[in-house]
Amino acid sequence: MKNVLILGAGLVVKPMVDYLVGNQIFVTIASRTKARAEAILPDQASGRTVKWTVDQDEKLDDLVKNHEVVVSMLPYTYHPLVAKKCIRFQKHMVTTSYVQPEIISLGEPAEEAGILILNEMGVDPGIDHMSAKRVIDQVHRNRGKIKEFYSITGALAAPEAADNPLRYKFSWSPKGVVRAGNNPAKYMKAGKEVNIPAKDLFKRTFTTEFPEVGQLEVYANRDSKKYIDIYDIPEAQTIFRGTFRYKGWCETIDAMKRLNLLSDEPTNLAGMTLADLVAHQVGEKDSSNIRKKVSRHLDIPENANALDALEWLGLFDQRPIQREKDSPFEVTSDLMLEKMKLGKDERDMVAMQHNFLVEYLNKPQEVIRSRLLAFGDPQGDTAIARTVALPAAIAVKMILESKINLKGIHRPVVQEIYEPVLRELEQHDINVEEIFGLPPDNKIKLQL
């Protein structure tokens, strides 16, 4: 029986394990929390669980060399460690994380070892790459040019579950979601680079309509410009990658940033209440009438939705923090996780949209629209777990079956990966629907 090592037992691992076991592949889950791994793999006949921590170097050697493919679901900072082991023992590796510079530097050793290190094999990054490249390659085969390209994805609560002032609930890594708001962004518009500093990220938004969902707000996602090369579209004059949110999130996170509540600066919290922390962050001597003081500091109306959200979270409460020293980020993100978990009977949702403006030599311009909308199952897996885990799991099976013959460092932007993976995802009700031939006025109006 073919065997696979999965490092990590986080929130999105279960659908991967179910898929691999269902395809008669023996799975070993190595995790620092063995009980969590055992919950993912209750039937030990189809796999095993191992207690392992990243400092157990020799144990990792033994695990890697005794499996055919290694899937790293660890935090991205540990991928280079795992990749070096895979190169040493000539084992293929799959991750769902963005390619990091240290991984890129391992390209030549990986090729020499005859192995594939396949990255960005989740949803965003992952399905976004595959569905975009499927359209781009078809356009190029038809001698068209991609003049404008927009790609927007969001992992959200389903509309009926988006019932708090931020209209957001966590179905995956909460601290990662919040930290992403501290990144600057850049994109190309009409041939010119546009830069958005981190402090302005949530001020520069626009709205668009998404069928079955309604109006969604969009903000820019990191460095869009590099996708000109990744997707091989040098002809593109506009390229923008963004994130979907319901209205309420961006204005609230912007307020938190302006209040320094997402700061990593260690702070003496002894004897403080939550309201005291907010007062401290804005230079107020006491926390009385804190909502009014925050309104004045932010120069927004006292009845603003962002203040409703901060109050709902408890940040204006005289509740003791009960910590000696910690960062405002840790206090705020812990509070968000406490109040904003997706309920057991609630659905999450992944929404994705690509929009292409295409130019041809001898026929009119057209807009091509590509959309994915996937909902979670309260009695089963979340949408984010399925859309992250299944593409990686399918790729693992393809590697084991010698259906991917690439070597070195890769993303899923080549046809031998994206065509079969997207086709199999359809069998799991993860469908990317494409509409061709729309008139040019159907393109996204980029208003940042």
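If you're wondering where the values come from, they're calculated on a predicted model, not measured in any experiment.

What counts, and where the lines are drawn
Residues numbered from 1 in each chain as written. Predicted model: local features only at pLDDT ≥ 70, side-chain atom pairs only at ≥ 80, totals over all residues. Heavy atoms only, no water. Axes fitted to C-alpha atoms, helices over the stretch in contact; angles between N-to-C directions. Helix = DSSP H or I, 4+ residues; strand = E, 2+ residues; numbered from the N terminus. Parallel < 35°, antiparallel > 145°, perpendicular 65-115°, else oblique. Left-handed = near helix turned anticlockwise from the far one by under 90°. Contact = heavy atoms within 4.5 Å. Nonpolar A, V, L, I, M, F, W, Y, C, P; charged D, E, K, R; others polar. Buried < 20%, exposed > 50% of the residue type's maximum accessible area, 1.4 Å probe, protein only. Patch = residues over 30% accessible without salt bridge, like charges linked within 9 Å, V, L, I, M, F, W, Y side chains within 5 Å. Areas by Shrake-Rupley, 256 points an atom, 1.4 Å probe, with all protein chains shown as cover. Salt bridge = Lys/Arg side-chain N within 4 Å of Asp/Glu carboxyl O. Lys, Arg positive; Asp, Glu negative; His and termini not counted. Charge placed at Lys NZ, Arg CZ, Asp CG, Glu CD. Polar contact = N/O pair within 3.5 Å; in protein donor to acceptor, adjacent residues only side chain to side chain. Phe/Tyr/Trp six-rings, centres within 6.5 Å; stacked < 30°, edge-to-face > 60°. Lys NZ or Arg CZ within 6 Å of the ring centre and 35° of its normal. Pairing = 2+ DSSP bridges. Core = buried A, V, L, I, M, F, W, Y, C linked by side-chain atoms within 4.5 Å.

Asker: Any details on the packing of helix 12 (residues 290-298) against helix 13 (residues 305-313)? Residues and values, ideally.
Answerer: Two elements in contact, helix 12 and helix 13, have axes whose closest approach is 11 Å; the angle formed by their N-to-C orientations is 140°. The orientation of helix 12 with respect to helix 13, classified from their angle, is oblique. When the axes of helix 12 and helix 13 are compared, the crossing they make is right-handed. Packed against helix 12, whose contacting residues are Arg291, Val294, Ser295 and Leu298, the element helix 13 presents Leu307, Asp308 and Glu311 at the interface. A per-class count over the contact of helix 12 with helix 13 returns three nonpolar, one polar and three charged.

Asker: Could you give an account of helix 12, naming the residues involved and the relevant values?
Answerer: Along helix 12, the residues classified as buried are Ile290, Arg291, Lys293, Val294, Ser295 and Leu298. In the core, the buried residues of helix 12 are packed alongside helix 10 (249-258), helix 11 (274-281) and helix 13. Backbone geometry just after helix 12 places Asp299 at a positive phi near 60°.

Asker: Help me get a handle on a positive patch on the surface, residues and values and all.
Answerer: Judged by side-chain charge, Arg32, Arg36, Arg48, Lys51 and Lys59 come together as a positively charged surface patch. Classification of Lys59 by relative accessible area gives partly exposed; the value is 33%.

Asker: Describe the pattern of salt bridges, listing the residues and the values that go with them.
Answerer: Going through the model one piece at a time under the given rule, you end up with 31 salt bridges. In this structure, Arg319 engages Glu338 in a salt bridge whose closest nitrogen and oxygen atoms are separated by 3.1 Å. Here Glu338 lies in helix 14 (residues 328-339) and Arg319 lies in the loop between helix 13 and strand 14 (325-326), a separation of 19 residues in the sequence. Overlapping salt bridges, with partners in common, bring together Asp57, Asp61, Lys85 and Arg88 in one network.

Asker: Describe the environment of Asp223, listing the residues and the values that go with them.
Answerer: The topology assignment puts Asp223 in the loop between strand 11 (214-220) and helix 9 (227-230). Polar side-chain contacts of Asp223 include one of 3.0 Å to the backbone nitrogen of Lys225.

Asker: Describe the packing of aromatic side chains, naming the residues involved and giving the relevant values.
Answerer: Applying the stated rule across the entire model yields nine aromatic pairs. Seen in terms of ring centroids, Tyr227 and Tyr231 are 5.3 Å apart; in terms of plane orientation they differ by 55°. Their pairing is tilted. For the residue pair Tyr227 and Tyr231, the accessibility class agrees, reading buried in each case. Note that Lys339 overlies the ring of Trp312, its terminal NZ or CZ placed 4.7 Å from the centroid.

Asker: Describe the packing of helix 1 (residues 14-22) against helix 15 (residues 383-400), listing the residues and the values that go with them.
Answerer: At a closest axis distance of 7 Å, the pairing of helix 1 and helix 15 adopts a crossing angle of 35°. Crossing geometry of helix 1 relative to helix 15 is assigned as right-handed. Note on element contacts: helix 15 touches helix 1 through Ala385, Arg386, Ala389, Leu390, Ala392, Ala393, Ile394, Val396 and Lys397, opposite Pro15, Met16, Tyr19 and Leu20.

Asker: Got a sec to walk through the sheet that holds strand 3 (residues 47-51)? Specific residues and values, please.
Answerer: Strands sit in the order 3-2-1-4-5-6-17 across an open sheet of seven strands; the sheet is parallel. Both outer strands of the open sheet, strand 3 and strand 17 (408-410), are each paired with one neighbouring strand and no more. Each neighbouring strand pair of the sheet contributes to a mean axis angle of 15°, computed without reference to strand direction. Bridge analysis of strand 4 (residues 69-72) against strand 5 (residues 92-95) gives four bridges, and the strand direction is parallel. Bridge assignment links Val71 to a residue of strand 5, and that residue is Val94.

Asker: Explain the nonpolar core residue by residue, including any values.
Answerer: With 66 residues, the main nonpolar core has Phe240, Trp249, Met256 and Met336 as its most contacted residues. Setting aside residues up to four positions removed in sequence, Met336 forms contacts with Leu166, Phe170, Val178, Trp249, Ile253, Met256 and Leu313. By size, the runner-up hydrophobic cluster in this structure holds 53 residues, among which are Tyr19, Ile25, Ala395 and Leu406.

Asker: Tell me about the side chain of Gln353, residues and numbers included.
Answerer: By the element assignment, Gln353 lies in strand 15 (residues 348-359). Gln353 gets classed as buried once you look at its relative accessible area, which sits at 2%. Here Arg371 takes part through its side chain, which lies 2.5 Å from a polar atom of the side chain of Gln353. With residues near it in sequence (within four places) discarded, Gln353 still touches Tyr150, Ser151, Ile152, Phe210, Phe244, Arg369, Ser370, Arg371 and Ile444.

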